[in-house]
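Residue strings, one per chain:
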Amino acid sequence: GVEHIGDNAFLGCKKITEVNLSSVHKIGKSAFAGCTSLETLVIEEGVEKISSSAIWCCYSLKEVYLPDTLDTNTYMSFYECKSLENVRLPSTLKAIPERMFYGCSALQSIEIPDSVTYIGESAFGECSSLNDIYIPAGVVEIADWGVFYGCHSLESFRIDESNPNYTVINGELRSKDGSVLVAYPAGKTDEIYTTTEEIKEIKSVAFCGNKYLKSVT
């Protein structure tokens, strides 16, 4: 069977509704990008590499299963897959790369595998329906720029208490010692924010997108 799908192979094929890949090992750049009617994408065990832009702008895609055979360093993205509701990530994945779920406005929750150590810039940007996210103990680095920007339904972060670098205080994502405010939930409804003595730094775009705040003291 087919083992390699090349770059742009099905780019802009707007009437494809289903893809089932049972023998493919590699999917090239923009292979299915712009397949705006694609609803179901089944990627069987054996797929090792999916290029970053392979599934961009598949506006109707609702569910994706990614097998554990996928390269642990895969840099892929569901950029602007606006209907994506369910995604199963490989249990061996090492990173949630930059813009992986940017613009996935239907995504409500996601389970980040314990194997993940890094979450990249804008990884969950504009995931406006995301209301629950749990950060496992293995995540030791979260990018400085807009990881959770535009997550307007997210009122609080959750984190494994044994995480060595981060913690959650009053729903806010902070450094372990509480001195750095990494991200403030865009959906938190408090109108007043009062800084405390322990906060020494507020990261870039930490409050960006919150529509409720009226006063900061």
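Reading the values: the criteria
- Residues numbered from 1 in each chain as written.
- Predicted model: local features only at pLDDT ≥ 70, side-chain atom pairs only at ≥ 80, totals over all residues.
- Heavy atoms only, no water.
- Helix = DSSP H or I, 4+ residues; strand = E, 2+ residues; numbered from the N terminus.
- Buried < 20%, exposed > 50% of the residue type's maximum accessible area, 1.4 Å probe, protein only.
- Contact = heavy atoms within 4.5 Å.
- Areas by Shrake-Rupley, 256 points an atom, 1.4 Å probe, with all protein chains shown as cover.
- Lys, Arg positive; Asp, Glu negative; His and termini not counted.
- Charge placed at Lys NZ, Arg CZ, Asp CG, Glu CD.
- Core = buried A, V, L, I, M, F, W, Y, C linked by side-chain atoms within 4.5 Å.
- Salt bridge = Lys/Arg side-chain N within 4 Å of Asp/Glu carboxyl O.
- Pairing = 2+ DSSP bridges.
- Axes fitted to C-alpha atoms, helices over the stretch in contact; angles between N-to-C directions.

Peer 1: Mind showing me how you'd approach the overall build of the protein chain here?
Peer 2: Regarding its fold elements, the protein chain presents zero helices and 19 strands. For the protein chain, the spread of C-alpha atoms along the three principal axes comes to 65 × 30 × 20 Å. Of all 217 residues assigned to the protein chain, the portion counted as buried reaches 44%. Here the contacts in the protein chain between residues at least 6 apart in sequence split such that 29% fall between residues at least 24 apart. Of the roughly 10200 Å² of accessible surface on the protein chain, a fraction of 46% belongs to carbon and sulfur atoms. The averaged location of the 30 negative side-chain charges in the protein chain is 5 Å from the averaged location of its 18 positive side-chain charges.

Peer 1: How should the nonpolar core be read in this particular structure?
Peer 2: Looking at soluble globular proteins, one finds that nonpolar side chains tend to be buried together. Residues Phe78, Phe101 and Phe124 are the most contacted members of the largest nonpolar core, which totals 56 residues. Listing elements by their share of this core, those giving two or more residues are β2 (18–21), β4 (40–43), β11 (132–135) and β16 (180–183). In terms of residue count, β16 provides more of this core than any other element does, three residues in total. Setting aside residues up to four positions removed in sequence, phenylalanine 124 forms contacts with Ile96, Phe101, Ile110, Ile112, Ile119, Leu130, Ile133, Val147, Phe148, Tyr149 and Cys151. If you look at the next biggest cluster of nonpolar residues, it comprises five residues, including Leu181, Tyr184, Ile199 and Ala206.

Peer 1: Would you take a moment to explain unusual backbone geometry for this structure?
Peer 2: Excluding glycine, residues mostly have negative phi values, and the peptide bonds linking residues are mostly trans. In this structure, arginine 99 is a non-glycine residue whose phi angle is positive, near 60 degrees. The class for arginine 99 is partly exposed, based on a relative accessible area of 33%. The backbone phi angle of valine 205 is positive, close to 50 degrees, even though this residue is not glycine. Structurally, valine 205 is set in the loop between β18 (201–202) and β19 (215–216).

Peer 1: I tried to follow the pattern of salt bridges on my own but got confused; where do I start?
Peer 2: Opposite charge on two side chains makes pairing possible when the charged atoms of those side chains draw close. Going through the model one piece at a time under the given rule, you end up with ten salt bridges. Put simply, arginine 158 and aspartate 132 hold a salt bridge, and the shortest N to O gap is 2.8 Å. Taken together, the residues arginine 158 in strand β13 (residues 158–159) and aspartate 132 in strand β11 connect sequence positions 26 residues apart. For arginine 158, a relative accessible area of 39% puts it in the partly exposed group.

Peer 1: Mind showing me how you'd approach the sheet that holds β4 here?
Peer 2: Adjacent strands of a sheet pair through backbone hydrogen bonds, lying either parallel or antiparallel. Spatially, four strands are ordered β2-β4-β6-β7 in an open sheet, and the strand pairing comes out parallel. Where the open sheet ends on each side, the last strands, each with one partner, are β2 and β7 (86–88). Averaged over all neighbouring strand pairs, the angle between strand axes comes to 5 degrees, with direction disregarded. Summarising the sheet, β2 and β4 pair through four bridges and their orientation is parallel. Counterpart to valine 19 in the pairing with β4 is leucine 41.

Peer 1: What should I look at first to understand the environment of cysteine 151 in this one?
Peer 2: Mapped onto the elements of the fold, cysteine 151 is located in the loop between β12 (141–142) and β13. Taking the C-alpha atoms as reference points, cysteine 151 and asparagine 210, separated by 59 residues in sequence, lie 8.7 Å from one another. Sequence-distant contacts of cysteine 151, defined by excluding residues within four places in its chain, comprise Phe124, Cys127, Ser128, Leu130, Ala186 and Gly187.

Peer 1: Would you explain the pairing of strand β15 (residues 172–175) in this entry?
Peer 2: The side chains of a regular strand alternate between both faces of the sheet. As judged from the four bridges shared by strand β14 (residues 166–169) and β15, these two strands associate in the antiparallel manner. Its bridge partner lying in β15, threonine 167 is registered against arginine 174. Between β14 and β15, which pair antiparallel in sequence order, lie two residues; one of them, asparagine 170, sits at a positive phi of approximately 55 degrees. With two bridges connecting them, β15 and β16 associate as antiparallel partners. By the bridge assignment, leucine 173 is partnered in β16 with alanine 183. Taking the residues that link successive antiparallel strands as the turn, the β15-β16 hairpin has four residues, and the phi of glycine 178 there is positive, at about 80 degrees.

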